[in-house]
Amino acid sequence: MQEPLETAELLAFTRSVDARSLSQAAVELGVPRATISRRLARLEERLGVRLLRRTTRSLALTEAGQSLYRHARIALEAVEHAESSVRRDAQTVRG
């Protein structure tokens, strides 16, 4: 069984798409632009498909990128909900 995709890679991907910029995604995530670029390259290599068409002035999703983006958003929202539910429980249970 193959390891699941890394959350950091999916986050770099979705933030880049939302921001329409690797540089802006890097600012939002508080990491160097090179880190975003490396994470995207690893993700594309692992999946064996191109997810983004990048030029110096634009960023566009490929068909595979569109599909992954929809699923990645759902997965990241689920992780966020799981994390917040644990934090809520931790705040109410003290002892």
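For the structure, check the block above.
Description of the structure in this document. Quick caveat: nothing in here was measured; it's all calculated off a predicted structure.

## Some points on the environment of A34
And step 1. Summarising the element assignment, A34 is placed in helix α3 (residues 33-47).
And step 2. Take A34: its relative accessible area is 41%, and that puts it in the partly exposed class.
And step 3. With 12 residues separating them along the chain, A34 and L22 place their C-alpha atoms 8.9 Å apart.

## Re the packing of aromatic side chains
Given two aromatic rings, one states the distance between the centres and the angle between the planes to describe the pair.
And step 1. A full pass over the atoms with the stated rule returns 1 aromatic pair.
And step 2. Judged by centre distance (6.4 Å) and plane angle (75°), the rings of F13 and Y69 are edge-to-face. Of this pair, F13 sits in helix α1 (residues 7-19) while Y69 is found in helix α4 (residues 63-92), placing the two residues 56 residues apart along the sequence.

## Re the environment of A19
And step 1. Secondary-structure assignment places A19 in helix α1.
And step 2. For the pair A19 and L59, spaced 40 residues apart in sequence, the C-alpha to C-alpha distance is 9.4 Å.
And step 3. Residues in contact with A19, not counting those within four places in the same chain, are Q24, A25 and E28.

## Thoughts on α1
And step 1. Taking 1.5 Å per residue, 13 residues should reach 18 Å; α1 reaches 18 Å between its end C-alpha atoms and fits that length.
And step 2. Buried within α1 we find E9, L10, A12, F13, T14, S16 and V17.

## As for the nonpolar core
What tends to happen in soluble globular proteins is that the nonpolar side chains get buried as a cluster.
And step 1. Formed by 16 residues in total, the largest nonpolar core has its most connected members in F13 and L52.
And step 2. At the level of secondary structure, the elements contributing two or more residues to this core comprise α1, α2 (22-29), α3 and α4.

## A short note on unusual backbone geometry
And step 1. One non-glycine residue, R20, lies in the positive phi region at around 60°.
And step 2. Taking the relative accessible area as the measure of exposure, R20 reaches 67% and is therefore exposed.

## Here's the deal with the side chain of S16
And step 1. Looking at where S16 falls in the secondary structure, it is placed in helix α1.
And step 2. Within the local environment of S16, its side chain forms a polar contact with the backbone oxygen of A12, the two atoms lying 2.7 Å apart.
And step 3. For S16, the residues in contact, after removing those within four places along its chain, are S21, L22, A25, I36, L40 and L59.

Criteria and cut-off values
Residues numbered from 1 in each chain as written. Predicted model: local features only at pLDDT ≥ 70, side-chain atom pairs only at ≥ 80, totals over all residues. Heavy atoms only, no water. Helix = DSSP H or I, 4+ residues; strand = E, 2+ residues; numbered from the N terminus. Buried < 20%, exposed > 50% of the residue type's maximum accessible area, 1.4 Å probe, protein only. Phe/Tyr/Trp six-rings, centres within 6.5 Å; stacked < 30°, edge-to-face > 60°. Contact = heavy atoms within 4.5 Å. Expected span 1.5 Å × (residues − 1). Core = buried A, V, L, I, M, F, W, Y, C linked by side-chain atoms within 4.5 Å. Polar contact = N/O pair within 3.5 Å; in protein donor to acceptor, adjacent residues only side chain to side chain.

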